Amino acid sequence: MLLEKTFHMSQSLPECKARLASIQSYRRQFVMVTKATVTSSKTVDFSFRGPLGFEAQTVLAAVESESPDEFAFESIGGNIDFTGLIDFTEIRPNCTEVTLAVHYEIQNKFFAWLDKYFRFVDAFLVGEMRSIRAHFEGIATPYVERVPVFPVLETAAAA
């Protein structure tokens, strides 16, 4: 499935790129991410929770890009395949547009079917991007608690 999300940050292009590249400085701001660790080989061990006990796990690695204002990445292994591009565009001084385009495929057919109808990966991306933007902009955001899609099945999935 292909997703594209755009948000604006009140920083210059170089400052915005530098701040977003330093995942260690804001990884505690993630709401549904269970792991985002930069390894010595410059990859990111990454996992997040979805509904009904789904937990995506993969390793993200940078891919060469032709533009200095783009950052491309892909996943290696895990139960979800990601390929993505982050594009930085300076709209005006101290205003940068950040566009995230992601193509993903969930390996488990049941969870892939659920995502097709309930779009939990889309909800995950929107929530995390809002949280990151709020962190960098100094906007207070309420704690978002994960709401189960089917509360009755939550305990069944955990078993």
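Because the structure is a prediction, the values reported are computed rather than measured.

Within the open sheet, the seven strands sit side by side as E1-E7-E6-E5-E4-E3-E2. Their pairing is antiparallel. Each edge of the sheet is formed by a strand with only one pairing partner; in this case those strands are strand E1 (2–9) and strand E2 (33–38). Adjacent strand axes in the sheet meet at a mean angle of 20°, parallel and antiparallel pairs treated alike. Looking at chain direction, strand E6 (residues 80–92) and strand E7 (residues 95–106) are connected through 12 bridges and run antiparallel. Considered in E7, the bridge of Glu90 is made with Thr96. This element, helix H1 (residues 13–21), spans E1, E6 and E7 of the sheet and lies at about 155° to E6.

Along the chain, Val63 falls in strand E4 (residues 55–63). Overall, Val63 belongs to the partly exposed group, its relative accessible area being 34%. In this structure, Val63 is in contact with Ala72, Phe73 and Glu74, ignoring residues within four places of it in sequence.

Further remarks concern the pairing of E2. Across five bridges, E2 lies against strand E3 (residues 44–49) in antiparallel orientation. Looking at E3, one finds that Val38 is bridged to Val44. The hairpin formed by E2 and E3 contains five residues between the paired strands, and Lys42 there has a positive phi angle of roughly 65°.

Next up on the list: the pairing of E7. Sheet topology note: the E1/E7 ladder contains eight bridges and is antiparallel. The partner of Phe7 across the bridge, within E7, is Val98.

As for its placement among the helices and strands, Ser65 is situated in the loop between E4 and strand E5 (70–76). Distance in space between the C-alpha atoms of Ser65 and Leu85 is 9.0 Å, their sequence separation being 20 residues.

At Asn94, a position not held by glycine, the phi torsion is positive, near 60°. Here Asn94 is to be found in the loop between E6 and E7. Residues other than glycine seldom take positive phi values, yet Arg119 does so here, at roughly 50°.

Before going further, it helps to spend a moment on the pattern of salt bridges. Charged atoms that come close allow side chains of opposite charge to pair. On inspection of all chains with the given rule, the structure shows three salt bridges. When the shortest N-O distance is used, the salt bridge between Asp122 and Lys5 registers 2.6 Å. Residue Asp122 is located in helix H3 (residues 120–137), and its partner Lys5 is located in strand E1; the two are separated by 117 residues in the primary sequence. Lys5 matches Asp122 in its accessibility class, with the two residues each being buried. Here Lys17 ties to Asp69 by a salt bridge, and the two come within 3.3 Å at their closest N and O atoms. In this pair, Lys17 is assigned in helix H1 and Asp69 in the loop between E4 and E5, connecting sequence segments 52 residues apart. For Lys17, a relative accessible area of 24% translates into the label partly exposed. In this structure Asp69 comes out as partly exposed when scored by relative accessible area, which is 25%.

For H1, the full list of buried residues reads Leu13, Cys16 and Leu20. Projection of H1 onto a plane perpendicular to its axis shows the buried side chains occupying an angular sector of 65°, all on one side. Away from its buried face, by an angle of more than 90 degrees, H1 presents the exposed residues Pro14, Ala18 and Ala21. Residues of H1 that are buried sit in contact with E1, E6, E7 and H3.

The rules behind the values
Residues numbered from 1 in each chain as written. Predicted model: local features only at pLDDT ≥ 70, side-chain atom pairs only at ≥ 80, totals over all residues. Heavy atoms only, no water. Pairing = 2+ DSSP bridges. Helix = DSSP H or I, 4+ residues; strand = E, 2+ residues; numbered from the N terminus. Axes fitted to C-alpha atoms, helices over the stretch in contact; angles between N-to-C directions. Contact = heavy atoms within 4.5 Å. Buried < 20%, exposed > 50% of the residue type's maximum accessible area, 1.4 Å probe, protein only. Salt bridge = Lys/Arg side-chain N within 4 Å of Asp/Glu carboxyl O. Arc of directions from axis to C-beta.

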